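Reading the structure
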Amino acid sequence: MARRIDVTGADGVRLAAWEFGDPAKAGPDPGETAVPDAPGVLLLHGLMGRASHWASTARRLSARHRAVALDQRGHGRSEKPPEGAFTRDAYVDDVEAALEQLGLGPAVLIGHAMGALTAWQLAAKRPDLVRGLVICDMRASALGGASQREWAEWFASWPVPFATLADVRKWFGEDDPWVERPNPSRGEFYAEVMAESPDGWRPVFDPDQMLRSRETWVYDAHWEELAQVRCPALVVRGLDGELGRAEAQEMVRVLPRGQYAEVADAGHLVHYDQPEAWLAAIERFLDSLDGE
């Protein structure tokens, strides 16, 4: 079960937040969460993602936390304004507004890829709102213009519309040139961001908006903001992910209170590739925060 909560982001952009915890077994409000006074957790998906990618993680955490996942601007059920801002400031300000409107702060921010960058930038900006941080497979180094061109070419290669969701799963899990070996979990991940249209299945996001979002971080390094994060922070990488071990360990060193976790047999989509190992890593971290 998921309960939608509407949030107003920066510049009035309408955002959809989702609470995945089961309703309380007793109480006057049927929409009340199982642990209404529990510590807050806000989950932030990566580029092209959506809140529902966090459903299993949020449900697991909801036994002891108020776990909410946010559809960020341009993603999922949130607004996708054609002329809207897709800058770093806009994404960070959206999360700041969401934490305040949801009453979650000080919260633990759990971010994957772009969502992790947003999380640590907000933690540096508003330490009063963030008591802990999980950074999943996001680099602090600049990726450069070649990376942006590769992404534009990759979007152009998608055989949209897909006739069926099975075709989506097969292309992203097997046929995509970026796939080194069959990866069913990757196919499932991308099937989650498709919606049926009259001519077939298409992404729920605008690829041009994704490229606009991405170009606001790929040309810059983000070490300085990382060093400004004062709360405990866990850097998680999949053994075969995009964040290399040396860079991940340097991120841990730069973070004033950094910790490190590595998940075997996982790539960039750690929480899809190895969900139990992922949950074990973040639950240990959350337990350490709750014990402080």
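In the block above lies the structure referred to throughout.
Reading guide: rules and limits
- Residues numbered from 1 in each chain as written.
- Predicted model: local features only at pLDDT ≥ 70, side-chain atom pairs only at ≥ 80, totals over all residues.
- Heavy atoms only, no water.
- Helix = DSSP H or I, 4+ residues; strand = E, 2+ residues; numbered from the N terminus.
- Rg over C-alpha atoms; globule rule 2.2 N^0.38 Å.
- Buried < 20%, exposed > 50% of the residue type's maximum accessible area, 1.4 Å probe, protein only.
- Areas by Shrake-Rupley, 256 points an atom, 1.4 Å probe, with all protein chains shown as cover.
- Pairing = 2+ DSSP bridges.
- Axes fitted to C-alpha atoms, helices over the stretch in contact; angles between N-to-C directions.
- Core = buried A, V, L, I, M, F, W, Y, C linked by side-chain atoms within 4.5 Å.
- Contact = heavy atoms within 4.5 Å.
- Expected span 1.5 Å × (residues − 1).
- Salt bridge = Lys/Arg side-chain N within 4 Å of Asp/Glu carboxyl O.
- Phe/Tyr/Trp six-rings, centres within 6.5 Å; stacked < 30°, edge-to-face > 60°.
- Parallel < 35°, antiparallel > 145°, perpendicular 65-115°, else oblique.
- Nonpolar A, V, L, I, M, F, W, Y, C, P; charged D, E, K, R; others polar.

Examining the overall build of the protein
A count of helical and extended segments in the protein gives 11 helices and 10 strands. Compactness check: the protein gives a C-alpha radius of gyration of 18 Å against a globular reference of 19 Å for 292 residues, within 12% of the reference. Projected onto its principal axes, the C-alpha positions of the protein cover 50 × 45 × 40 Å. Put simply, the protein has 292 residues, and 54% of those count as buried. Here the protein displays about 12,500 Å² of accessible surface, and carbon together with sulfur accounts for 49% of that area.

Looking at the sheet that holds strand β1 (residues 3-8)
Strand-to-strand pairing in sheets goes through backbone hydrogen bonds, with the strands running parallel or antiparallel. Strand order across the open sheet formed by 8 strands is β1-β2-β4-β3-β5-β6-β9-β10, with mixed pairing between neighbours. Edge positions in the sheet fall to β1 and β10 (258-263), since each of these pairs with one other strand and no more. Averaged over neighbouring strand pairs, the angle between their axes works out to 25 degrees when direction is ignored. Pairing between β1 and strand β2 (residues 14-19): 6 bridges, direction antiparallel.

Some details on the nonpolar core
Judged by nonpolar contacts, the single largest core of 66 residues is most densely connected at L42, M48, W120, L133, I135 and W158. Ranked by residue count, the leading element in this core is helix α3 (residues 114-125), at 7 residues. If near-sequence neighbours (up to four positions away) are discounted, L133 is found in contact with V108, L109, A119, W120, A123, V229, C231, P232, A233, L234 and F285. One finds F20, W54, A55 and A67 within the second-largest nonpolar core, a separate group that totals 29 residues.

Observations regarding helix α4 (residues 145-157)
Look at α4: 19 Å from first C-alpha to last across 13 residues, which is about the 18 Å you get at 1.5 Å a residue. Of all the positions in α4, only G145, S147, Q148, W151, W154 and F155 are classed as buried.

With respect to the pattern of salt bridges
For the coordinates displayed, the defined rule picks out 22 salt bridges. Here R186 makes a salt bridge to D176, at a shortest N to O gap of 3.0 Å. Of this pair, R186 sits in helix α6 (residues 184-191) while D176 sits in the loop between α5 (165-175) and α6, and the two are 10 residues apart along the sequence. Residue class for D176 comes out buried when judged on its relative accessible area of 1%. Across the pair E262 and R245 runs a salt bridge whose closest N-O atoms are separated by 2.7 Å.

Section: the packing of aromatic side chains
Describing an aromatic ring pair means giving the distance of the ring centres and the angle of the ring planes. For the coordinates displayed, the defined rule picks out 19 aromatic pairs. Measuring from ring centre to ring centre gives 4.3 Å for F172 and Y190, while their planes differ by 10 degrees; the resulting arrangement is stacked. Taken together, the residues span a long stretch of sequence, with F172 in helix α5 and Y190 in helix α6 at a distance of 18 residues. Here F172 matches Y190 in class, with each residue buried. Taken together through their ring pairs, the aromatic side chains of W151, W154, F155, W158, F162, W171, F172, W178, F189, Y190, F205 and Y272 make up a single cluster.

Concerning the packing of helix α2 (residues 88-102) against α3
Relative orientation of the contacting elements α2 and α3 amounts to 70 degrees, with a least axis distance of 9 Å. Classed by the angle they form, the pair α2 and α3 counts as roughly perpendicular. For the pair α2 and α3, contact is made by R88, Y91, V92, D93, V95, E96 and L99 and by M114, L117, T118, Q121, L122 and K125, respectively. Considering only residue class, the contact of α2 with α3 consists of 7 nonpolar, 2 polar and 4 charged.

Concerning unusual backbone geometry
A cis amide bond links G105 to the next residue, P106, at an omega of -5 degrees. You can see P106 is positioned in the loop between α2 and β5 (107-112). The peptide bond linking V160 to P161 adopts the cis configuration, its omega dihedral lying at 0 degrees. Take P161: it is sitting in the loop between α4 and α5.

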